[in-house]
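Listed here are the chains, written in short residue letters.
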Amino acid sequence: MSPWRMTRWERGGEPPGTDADNGPGEPTTGTEEPVRRHEALVSVRLGPSAPGSHLVEYLRHEPCAVDAWWIAADVDAVVRLSADSMTVLHRAVADLRRRAGVEVAVANYILRALDLTAPADPRTGKDAPAWAVSAA
């Protein structure tokens with residue numbers, strides 16, 4: 001189906017008639033392979049004639065919208081979107097631009113989380129990934 005005409009459950013919601021306990025029609029997830037969620041933080045600036053209530057109402061009905069915050073900066077809000085595939089995530093960002101009265105939307109796609117629980121030894125770089133070690 002074209003991403004322009006996706007139903008709500010194809011954009012990240014549950015299929016109709018399924019429960020959250022892997023009932024019929026719902027894909028089963030194995031313990032060896034975690035479900036990969038694609039996420040983005042979208043900086044939003046509303047158009048001059050778009051009220052903030054219009055954005056809030058749109059986000060309440062958007063199945064990919066997880067969180068949103070009003071921001072005191074060059075942008076009006078930051079929206080966190082989450083989807084099962086990059087195609088659905090791109091579609092959600094495009095819909096935010098087209099339908100929510102947004103003048104500017106800049107998407108920052110999340111690659112992976114940083115591990116902030118185990119600090120690395122600054123002298124040796126032990127326990128730190130190779131890409132996180134200082135070049136000095």
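The paragraphs below set out a description of the structure included in this document. Note that the coordinates shown come from a computational prediction; the quantities given were computed from them, not determined experimentally.

Examining the pattern of salt bridges
Here is step 1 of the chain: In the structure shown here, the tally under the stated rule is eight salt bridges.
Here is step 2 of the chain: One salt bridge connects Glu57 with Arg60, and the closest N-O pair in it is separated by 3.5 Å. Highlighted residues: Glu57 and Arg60, both in helix H1 (residues 52–61), separated by three residues, approximately one helical turn.
Here is step 3 of the chain: For Glu57, a relative accessible area of 39% gives the class partly exposed.
Here is step 4 of the chain: The salt bridge partner of Asp95 is Arg99, with a shortest N-O separation of 3.8 Å.

Some points on the nonpolar core
Here is step 1 of the chain: Of all hydrophobic cores here, the largest spans 21 residues; its most connected members are Val42, Val44, Leu55, Leu81, Leu96 and Val102.
Here is step 2 of the chain: If you tally residues by element for this core, the top one is helix H2 (residues 86–99), at five residues.
Here is step 3 of the chain: The contacts of Val42, once residues within four sequence positions are left out, are Ala77, Val78, Val79, Leu81, Val93, Leu96, Ala105, Val106 and Ala107.

A word on the packing of H1 against H2
Here is step 1 of the chain: Across the interface, H1 lies against H2 with an axial gap of 11 Å and an inter-helix angle of 145 degrees. Between H1 and H2 the crossing geometry is right-handed. Between H1 and H2, the residues in contact are His54, Leu55, Tyr58 and Leu59 and Asp95, Leu96 and Arg99, respectively.
Here is step 2 of the chain: For the contact of H1 with H2, the residue count by class is four nonpolar, one polar and two charged.

Focus: the side chain of Glu39
Here is step 1 of the chain: Of note, Glu39 is situated in strand E1 (residues 38–46).
Here is step 2 of the chain: Within the structure, the side chain of Glu39 is placed 2.9 Å from the side chain of Arg80, a separation counted as a polar contact.
Here is step 3 of the chain: Excluding residues that lie within four positions of it along the chain, Glu39 makes contacts with Arg80, Leu81, Ser82, Leu89, Tyr109 and Ile110.

Each value, and the rule that gives it
- Residues numbered from 1 in each chain as written.
- Predicted model: local features only at pLDDT ≥ 70, side-chain atom pairs only at ≥ 80, totals over all residues.
- Heavy atoms only, no water.
- Salt bridge = Lys/Arg side-chain N within 4 Å of Asp/Glu carboxyl O.
- Helix = DSSP H or I, 4+ residues; strand = E, 2+ residues; numbered from the N terminus.
- Buried < 20%, exposed > 50% of the residue type's maximum accessible area, 1.4 Å probe, protein only.
- Core = buried A, V, L, I, M, F, W, Y, C linked by side-chain atoms within 4.5 Å.
- Contact = heavy atoms within 4.5 Å.
- Axes fitted to C-alpha atoms, helices over the stretch in contact; angles between N-to-C directions.
- Left-handed = near helix turned anticlockwise from the far one by under 90°.
- Nonpolar A, V, L, I, M, F, W, Y, C, P; charged D, E, K, R; others polar.
- Polar contact = N/O pair within 3.5 Å; in protein donor to acceptor, adjacent residues only side chain to side chain.

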